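Coordinates in review
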Amino acid sequence: MAEERPRPWLTIVTVVKDAPGDFLRTVESVAAQDLCDVEYVVVDSSVDANEVPACIGSFANLPIDYAWSAPRGIYPAMNEGLARASGDYVYFANAGDVFYHPDVLGRVREAAERTDAPWLFGDVEILSASGHRVTTPRWDYERERAACFSRGHFPCHQGTFAKRSLLLAQGGFDPSYSIVADYAAFLKLTLVGDPSHLDLVVATFAEGGVSTTKWRESFRQFHRARREILQPRGRAALREYRETVKRYAAVELYRSVWSKVVRP
């Protein structure tokens, strides 16, 4: 009788579509980590079904659960990765995302084993198109929860590790939130339990995704997610609406006026 393998403590899921160069940076970053008891799942929706496997072939010592999936969008692909995962925790590093330092997973594992938190979050470094790097400020969970997380501060999925069983129980990523399904999924986790803060920068990701280019629609979806998931009432609902409007106005001012004034 074959000996049953222990469940991995973590599954990393990478989804990729027509971006072999970005994927290569991500897989190189993953390979540099301590991957003891770590599972790596790749969901590929590229038109050329040979590009990503060719990249994977360069990492013969890195066991990868690879699957090609017909293009249906990023969140269906993330759901497929979640369904294939078997780790206690799951982390989504999409093509182009890289871990900030080779010791990240070792430090996260120590924190996860110490706290057994339903989810953990750390900071991320954001790389702009001009090459400017900025690290997200530390997230004050209690303060943001008091405002129904409407003040524009919430951990990026690149900095978040969540219990796989909890994400599955809540249905994974709802594709009706076409831009912010990851935000909605992690917002649901706040109803399950409080997160544990990781005192480290987890990853670097490049700015310019759809939530940036279609920021007005993302704001509408953020607001809808808070209303549908948190269901604030009375003063809480008023504060959520007020903070949403304030944040929207600030971003509108910056993107429509100020950024054009200061742009060289």
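Our structure is the block above this text.
So, here's what we can say about the structure. Since this is a predicted model, take the numbers as computed values, not measurements.

**What about the overall build of the protein chain?**
When helices and strands are counted, the protein chain shows ten helices and nine strands. The C-alpha radius of gyration of the protein chain comes to 19 Å, within 12% of the 18 Å expected for a compact globule of 264 residues. Counting only C-alpha atoms, the protein chain reaches 60 × 45 × 35 Å along its principal axes. Out of the 264 residues belonging to the protein chain, those deemed buried represent 47%.

**Considering the pairing of strand β3 (residues 65-68)**
Pairing of strand β2 (residues 38-44) with β3, which is carried by four bridges, proceeds in the parallel orientation. By the bridge assignment for β3, Val41 is matched with Asp65.

**Details of the side chain of Arg226**
If you trace the backbone, Arg226 turns up in helix α9 (residues 215-230). Once you skip the residues sitting within four places of it in the chain, Arg226 turns out to touch Cys148, Phe149, Ser150, Tyr183, Leu187, Gln231, Pro232, Glu240 and Thr244.

**Looking at helix α4 (residues 104-115)**
Helix length check: α4 (twelve residues) gives 17 Å between terminal C-alpha atoms against 16 Å at 1.5 Å per residue, within 8%. Among the residues making up α4, those that are buried are Val104, Leu105, Val108, Ala111 and Ala112. What you see down the axis of α4 is that its buried residues fit within an arc of 125°, all on one side. In this structure, α4 carries Glu110, Glu113 and Arg114 as exposed residues pointing more than 90 degrees from its buried face. Of the surrounding elements, those touching the buried residues of α4 are β1 (10-16), β4 (89-92), β5 (98-99), β6 (119-127), β8 (160-163) and β9 (196-206). Of the residues one or two after α4, Asp116 is the one with positive phi, at around 50°.

**Some points on the environment of Glu51**
Mapped onto the elements of the fold, Glu51 is located in helix α2 (residues 51-56). In this structure the C-alpha to C-alpha distance between Glu51 and Glu28, which are 23 residues apart in sequence, comes to 15 Å.

**Some thoughts on the packing of aromatic side chains**
Evaluated as defined, the whole model comprises 18 aromatic pairs. Ring plane angle 65° and centroid distance 4.8 Å describe the contact between Phe154 and Tyr183, whose orientation is recorded as edge-to-face. Of the two residues, Phe154 sits in the loop between α5 (141-146) and β8 while Tyr183 sits in helix α7 (residues 181-189), which places them 29 residues apart along the sequence. Tyr183 carries the same exposure label as Phe154, and that label is buried. Measuring from ring centre to ring centre gives 6.5 Å for Phe173 and Phe186, while their planes differ by 90°; the resulting arrangement is edge-to-face. Of the two residues, Phe173 is situated in the loop between α6 (164-169) and α7 and Phe186 in helix α7; the sequence distance between them amounts to 13 residues. Comparing Phe173 with Phe186 shows no difference in burial state: the two are buried. Among the aromatic side chains, those forming a connected cluster through ring pairs are Trp119, Phe121, Trp139, Tyr141, Phe149, Phe154, Tyr183, Phe219, Phe222 and Tyr248.

**A few points about the pattern of salt bridges**
Think of it this way: side chains of opposite charge can pair up when their charged atoms draw near. In total, this model carries 18 salt bridges according to the counting rule given. Between Asp194 and Arg145 there is a salt bridge, with its nearest N and O atoms 3.2 Å apart. Remark: Arg145 occurs in helix α5 and Asp194 occurs in the loop between α7 and β9; sequence separation between them is 49 residues. Classification of Asp194 by relative accessible area gives partly exposed; the value is 39%. Exposure remark for Arg145: the relative accessible area of 35% places this residue in the partly exposed category. In this structure, Glu217 engages Arg220 in a salt bridge whose closest nitrogen and oxygen atoms are separated by 3.0 Å. Here Arg220 and Glu217 lie together in helix α9, a separation of three residues that amounts to about one turn. Take Glu217: its relative accessible area is 29%, and that puts it in the partly exposed class. One connected set of salt bridges, linked through shared partners, spans Asp37, Arg109 and Glu113.

Calculation rules
Residues numbered from 1 in each chain as written. Predicted model: local features only at pLDDT ≥ 70, side-chain atom pairs only at ≥ 80, totals over all residues. Heavy atoms only, no water. Helix = DSSP H or I, 4+ residues; strand = E, 2+ residues; numbered from the N terminus. Rg over C-alpha atoms; globule rule 2.2 N^0.38 Å. Buried < 20%, exposed > 50% of the residue type's maximum accessible area, 1.4 Å probe, protein only. Pairing = 2+ DSSP bridges. Contact = heavy atoms within 4.5 Å. Expected span 1.5 Å × (residues − 1). Arc of directions from axis to C-beta. Phe/Tyr/Trp six-rings, centres within 6.5 Å; stacked < 30°, edge-to-face > 60°. Salt bridge = Lys/Arg side-chain N within 4 Å of Asp/Glu carboxyl O.

Treat this as a map of the structure, not an account of what it does.
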